[in-house]
Amino acid sequence: MTATTRSALGAPLARLEGPQKVTGAARYAAEYPQDDVAYGWIVQSPVPRGRLTAVLADPTVESVAVLWHGNAPRLAEVEDPELAVLQSDRISYRGQVLALVVADTLEQARHAAQVLRLEIEAEEHDTVLRTDHPGLYTPETVNPGFPAESVLGDVEAALAAAPVTVDVTYSTPALHNNPMEPHATIARWDGDSLVLHDSNQHPSGVAATVGEVFGLPADQVHVITEHVGGGFGSKGTARPNAVLAALAARVVGRPVKVVLPRQAMFSMVGHRTPTVQRLRLGAEPDGRLTAIEHVAYSQTSRIYEFAEQTAVTTRHMYAAANRRTGHRLLRLDMPTPRWMRAPGEAPGMLGLECAIDELAERLGMDPVELRIRNEPTAEPETGTAFTTRNYVECLRRGAERFGWAGRDPRPRQRREGDWWIGTGVAGATYPAMAQPSTARVRSLADGTFEVAIGATDLGTGARTVLTQIAADSLAVPADRIRIRIGDSTLPKASVAGGSSGSASWGWAVTGACRELLASGADEATFDSTELVQQQEKEGRHAFGAHFAEVRVDAVTGEVRVSRLFGMYAAGRILNARTARSQFLGGMIMGMGMALHEEGVLDPAAGAWVNHDLAEYHIPAHADVEQIDAEWLDEVDDRINPMGSKGIGEIGIVGSPAAIVNAVWHATGVRIRDLPVRLDKLLVAGRDEAA
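Residues numbered from 1 in each chain as written. Predicted model: local features only at pLDDT ≥ 70, side-chain atom pairs only at ≥ 80, totals over all residues. Heavy atoms only, no water.

Engineer: Got a minute to help me understand the environment of Thr 429 in this structure?
Structural biologist: Along the chain, Thr 429 falls in strand 19 (residues 419-431). A C-alpha to C-alpha distance of 52 Å links Thr 429 and Val 64, two positions 365 residues apart in sequence. Of the polar contacts made by the side chain of Thr 429, one reaches the backbone oxygen of Ala 542; its length is 3.1 Å. (Helix = DSSP H or I, 4+ residues; strand = E, 2+ residues; numbered from the N terminus. Polar contact = N/O pair within 3.5 Å; in protein donor to acceptor, adjacent residues only side chain to side chain.)

Engineer: Where do I start with the packing of aromatic side chains in this structure?
Structural biologist: Here a ring pair, both rings aromatic, is described through the centre-centre distance and the interplanar angle of the planes. Counted by the stated rule, this structure contains 10 aromatic pairs. Measuring from ring centre to ring centre gives 4.1 Å for Tyr 568 and Phe 583, while their planes differ by 5°; the resulting arrangement is stacked. One end of the pair, Tyr 568, is in strand 25 (residues 559-569); the other, Phe 583, is in helix 13 (residues 576-595), with 15 residues separating them in the sequence. In this pair, the class of Tyr 568 matches that of Phe 583, namely buried. Measuring from centroid to centroid gives 5.7 Å for Phe 583 and Trp 631, while their planes differ by 40°, and the two rings are tilted. Here Phe 583 is found in helix 13, whereas its partner Trp 631 is found in strand 28 (residues 626-631), with 48 residues between them in sequence. The class of Trp 631 is partly exposed, set by a relative accessible area of 26%. Three or more aromatic residues link up through ring pairs in this structure, and these residues are Tyr 318, Phe 386, Tyr 391 and Phe 543. Taking NZ or CZ as reference, Arg 110 lies 5.7 Å from the ring centre of Trp 41, over its face. (Phe/Tyr/Trp six-rings, centres within 6.5 Å; stacked < 30°, edge-to-face > 60°. Buried < 20%, exposed > 50% of the residue type's maximum accessible area, 1.4 Å probe, protein only. Lys NZ or Arg CZ within 6 Å of the ring centre and 35° of its normal.)

Engineer: How do you make sense of helix 9 (residues 391-402) when you look at a structure like this?
Structural biologist: Because an α-helix packs 3.6 residues into every turn, residues spaced three or four apart end up facing the same way. Helix length check: helix 9, at 12 residues, gives a terminal C-alpha distance of 16 Å against a target of 16 Å (1.5 Å per residue), a fit within 8%. For helix 9, the full list of buried residues reads Tyr 391, Val 392, Cys 394, Leu 395, Gly 398, Ala 399 and Phe 402. Taken down its axis, helix 9 places every buried residue within 160° of arc, on the same side. Positive phi appears at Gly 403, one or two residues downstream of helix 9, with a value of about 90°. (Expected span 1.5 Å × (residues − 1). Arc of directions from axis to C-beta.)

Engineer: Is there a simple way to explain the nonpolar core in this structure?
Structural biologist: Burial of nonpolar side chains together is a common tendency in soluble globular proteins. Of all hydrophobic cores here, the largest spans 89 residues; its most connected members are Leu 289, Leu 359, Phe 547, Val 550, Phe 583 and Ile 659. A total of 10 residues in this core trace back to one element, the largest contributor, which is helix 7 (residues 345-363). Among residues more than four places away in sequence, those in contact with Ile 659 are Ala 548, Val 550, Val 561, Leu 564, Met 591, Ala 594 and Leu 595. (Core = buried A, V, L, I, M, F, W, Y, C linked by side-chain atoms within 4.5 Å. Contact = heavy atoms within 4.5 Å.)

Engineer: What should I look at first to understand unusual backbone geometry in this one?
Structural biologist: Leaving glycine aside, a negative phi is the common case for residues, and trans is the common case for peptide bonds. In this chain, Asn 143 is followed by Pro 144 through a cis amide linkage whose omega measures -5°. Residue position: Pro 144 is located in the loop between strand 7 (141-142) and strand 8 (146-147). In this chain, Leu 674 is followed by Pro 675 through a cis amide linkage whose omega measures 0°. Looking at where Pro 675 falls in the secondary structure, it is placed in the loop between helix 14 (655-667) and helix 15 (678-689). With a phi close to 50°, Asn 178 is a non-glycine residue in the positive phi region. Tracing the backbone through its elements, the reader meets Asn 178 in the loop between strand 10 (164-172) and strand 11 (184-190). The buried category is assigned to Asn 178, whose relative accessible area is 14%.

Engineer: I tried to follow the sheet that holds strand 10 on my own but got confused; where do I start?
Structural biologist: Hydrogen bonds between backbone atoms are what pair the strands of a sheet, whose relative direction is either parallel or antiparallel. What the five strands build is an open sheet, ordered 9-17-16-15-10; its pairing is mixed. At either margin of the open sheet sits one strand with a lone partner, and together these are strand 9 (150-152) and strand 10. Averaged over neighbouring strand pairs, the angle between their axes works out to 10° when direction is ignored. Across the face of the sheet, helix 7 comes into contact with strand 10, strand 15 (275-283) and strand 16 (289-301) while running at roughly 145° to strand 10. (Pairing = 2+ DSSP bridges. Axes fitted to C-alpha atoms, helices over the stretch in contact; angles between N-to-C directions.)

Printed below as a string of structure tokens:
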């Protein structure tokens, strides 16, 4: 790009690393050459609860080492007990790492692991989330620190007095992150220092955590994360593969590579918890809400509390004088849930936006108009002013762009051949966050500028956007910027998560560039910590509206999404090309949540039986027909120096609900237990006909 700075930010600049990726030159974690590298293969528990009493290796099978809790070096305790690998005889879930086999080749390691004999004392287990389970409790907080409950007014009295009410329960299954690149680590010890080529979303965070595990300061752990093939939250913190590789490398005295097989990623690196959500709404005949209650049930493991913030998004969406949100948690003999794209918001908005659609049906009101009538003037629970809130404009502009006008609100009214046709709408929101980060900018002798920050590009286009931010701040063309990211030795950056990356890192880069220009020096460093911490956290959100058209086969129950459209208000768009990619990717993932994705649990085994991409279904090219996204030209100067809001997750928030609502409009059948499968539609259709 040779345009001047004023056009750098917002321009559809192609990804800088694109040629490297399509030619195979970009190196991912497992692809860095190492001298005398050994290979580690994990051995996982075949039972969900019990004790490992012995590990017996076949002496005729070649291997370098077999590590288990009986011989593994001791590790320091850290906050996340999942990183205490090979330290205890306790088995807390099926798929937990019990041993690591190290060999000269991958094939040898895998074979030795397959014939390893485990002696286990199995115990009775409990793996099913139920709303009547006696072990349910209310956590103190839900992620990442919100109060578990909120109450305003008298919900019970308001519901009792409401002329129109809705009382429904929606449930979502376990969902799995499944980034294209599996979790992988190459570990090498250089004396007392550790080098990790690791696939993660936070190099400095992984360096600090792994250092703590091995009793090392963070500056003795060098984490290199130049290219990452996706994460969706599952790589946001150090995972067991990094500790296992480092542990094995120390034992065998040579570099060790550990790459998780796809099946292991369903148990070892997190997932989205199943949820059961009860929603009760009360409204006047004109549609104005008088009461909202949203109570969510979810699960966590025995060894670590992870409380999904499912109902929190309801605290920000619609006006109602009486409101209550709550979370109930259950510890089970299952793997620990973790972050997955839009944690909390994705399942929570499915429940809320489907319940709002059911209220529109009861009222005989257009669902777009119902949402507009309940638009708040400030944060509904705290009264904090919004920096900007253009939700209503998204609804109106999106409806116009989609062709919503003239829609018959009655279900099962439009049929073309064997196909019932329906349309649906749902709102979207995601908090606009920023986290402290530090960046360094240097003026080089050749007239270019080196911008360095320990950020991570997961394939989202982060390095390209940061280049544009720096070019804009320095008033130079983008081709004069040299960007350095993906390394824990660079200035410390926040995690690539919570749709906060560009806002957080861009703030630091902008500050460093401005200081460089102001000082006239050859180098400047800027730490945004103080400014970020001074910000008000409430009232900062991106918003959107999703519209879907589906067709449902009247004979087979097959569901196809004919059209999917998103209209967003997400502050200043920093790169039109990468932004559109993020919006569409989230919407497609939302389609998977609505129609395809489901961890199928075998309670007897305590395992998801469809633990690979052959049986865990996600949308393929043929599933995506007509899909598009647009955005408003929103100005919000109070968010950060760029005026940008996060866009990586809002696409999956609300898009599943729009599809589910469209299925009802097509068929007259409400599916409240996701995903919407043809067998559920056919059975429900027969029941309603009877």
